[in-house]
Amino acid sequence: MVLDKKIQDILEKNEFNFDEEISEQDNGKYIEINQSTPEGEDWWETIWFDGTYEGFVNAVEKRVLNFDVDEEVEIWITNRGKGGCPDSIIDLVHDAEWKQKTLENLLDDLQENKKEEKDLLRMNYMIFSMTKWKLVMHLKLKELVVILICMSQETTELLLIV
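Quantities reported herein were computed from a predicted structural model and do not represent experimental measurements.

Draft legend 1. Representation of the overall build of the chain in the model. Counting secondary structure elements, the chain contains four helices and eight strands. Shown N-terminal to C-terminal, the secondary structure of the chain runs as helices and strands in the order α-β-β-β-β-α-α-α-β-β-β-β. Intrachain contacts of the chain at a sequence separation of at least 6 include 45% that bridge at least 24 residues. When the accessible surface of the chain is totalled, it reaches about 10700 Å², and 50% of it is carbon and sulfur.

Structure representation (structure tokens):
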């Protein structure tokens with residue numbers, strides 16, 4: 001299964017490296033994304049999701065909400081000054097904060113794309129002919145839009161954008 005092209009474009013915009021193929025393991029799907037941090041760490045994240053755009057957005061959101069700068073720094077403290085790991089705890093903190101901000105930016109871009117798609121789907125043009133009070137209900141994208149219209153003219157056409 002190939003990663004959705006929109007996800008690929010957003011990952012590239014956010015300077016992540018990735019493989020287009022979605023990996024599968026134990027009935028789950030995942031993709032690994034990576035990039036270098038300002039302090040030179042080869043940073044990898046594994047995103048487990050259901051293979052859909054929405055699932056990917058939800059998985060990134062979960063990672064953003066669960067990202068803990070303190071925990072991220074704690075992982076690297078024992079390796080300070082070894083194998084390219086910075087000596088300074090302040091540098092480790094800045095790197096972890098950068099990772100968090102980078103994930104937040106990725107999520108923002110993913111959610112903005114999702115919002116744009118929903119807005120396009122909502123742009124339904126409906127023409128109604130009305131003679132009296134009418135209750136119009138339209139179900140779209142798990143949202144209910146209710147419009148109560150009263151017109152005094154015998155026949156009125158309304159162009160409705162929902």
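Draft legend 2. Expanded view of the pattern of salt bridges. Per the counting criterion, the structure on display carries five salt bridges. For lysine 5, the salt bridge goes to aspartate 9, with nearest N and O atoms at 2.8 Å. In this pair, lysine 5 and aspartate 9 both sit in helix H1 (residues 5–13), four residues apart, roughly one turn of the helix. In this structure lysine 5 comes out as exposed when scored by relative accessible area, which is 52%. Here aspartate 9 falls in the partly exposed class, since its relative accessible area comes to 35%. In this structure, lysine 99 engages glutamate 72 in a salt bridge whose closest nitrogen and oxygen atoms are separated by 2.5 Å.

Draft legend 3. Just H1, in detail. Taken together, the buried positions of H1 are Ile7, Gln8, Ile10 and Leu11. Angular distribution of buried residues about the axis of H1 spans 165 degrees; they occupy a single face of the element. Counted as exposed and oriented over 90 degrees from the buried face of H1: Lys5 and Lys13. Immediately downstream of H1, the backbone of glutamate 15 shows phi near 65 degrees, a positive value.

Draft legend 4. Broad picture of the packing of aromatic side chains. Going through the model one piece at a time under the given rule, you end up with four aromatic pairs. Summarising the aromatic geometry, the rings of phenylalanine 16 and tryptophan 43 are spaced 5.6 Å apart at their centres and angled 55 degrees between planes, so their arrangement reads as tilted. Taken together, the residues span a long stretch of sequence, with phenylalanine 16 in the loop between H1 and strand S1 (17–18) and tryptophan 43 in strand S4 (residues 42–49) at a distance of 27 residues. Under the relative-accessibility criterion, phenylalanine 16 is labelled buried at 3%. Judged by relative accessible area, which is 2%, tryptophan 43 ranks as buried. Taking the centre distance of 4.6 Å and the plane angle of 40 degrees together, the rings of tyrosine 30 and tryptophan 48 count as tilted. In this pair, tyrosine 30 is assigned in strand S3 (residues 28–36) and tryptophan 48 in strand S4, connecting sequence segments 18 residues apart. On the accessibility criterion, tryptophan 48 (42% relative accessible area) is partly exposed. Among the aromatic residues, those joined into a cluster by ring pairs are Phe16, Trp43 and Trp98. A cation sits over an aromatic face here: lysine 6 above tyrosine 53, 5.8 Å from the ring centre.

The rules behind these values
All chains use their own residue numbering, which begins from 1 and follows the written sequence. In keeping with the model being predicted, local features are shown solely for residues with a pLDDT of at least 70 and side-chain atom pairs are shown and tallied solely at 80 or more, while totals for entire chains, interfaces and linings include all residues. Side-chain measures were taken over the full set of non-hydrogen atoms in the model, leaving aside hydrogen atoms and water. Only DSSP runs of H or I covering at least 4 residues are called helices, and only runs of E covering at least 2 are called strands; the numbering of each starts at the N terminus. By the convention used here, residues are in contact when the closest approach between their heavy atoms is within 4.5 Å. Accessible areas in this description were obtained via Shrake-Rupley with a 1.4 Å probe; residue shielding takes into account the shown protein chains only. Definition used for salt bridges: Asp or Glu carboxyl oxygen within 4 Å of a side-chain nitrogen of Lys or Arg. The cut-offs for exposure are 20% and 50% of the maximum accessible area for each residue type, with area from a 1.4 Å probe on protein chains only; residues under the lower value are buried, those over the upper are exposed, and the others partly exposed. Starting at the helix axis, one direction is taken to each C-beta atom, and the arc is that of these directions. Whether two aromatic rings pair depends on their centres lying within 6.5 Å, for rings of Phe, Tyr and Trp, where Trp uses its six-membered ring; planes under 30 degrees apart make the pair stacked, over 60 edge-to-face, and the rest tilted. Should the NZ of a Lys or the CZ of an Arg lie within 6 Å of a ring centre and within 35 degrees of the ring normal, that charge is described as sitting over the ring.

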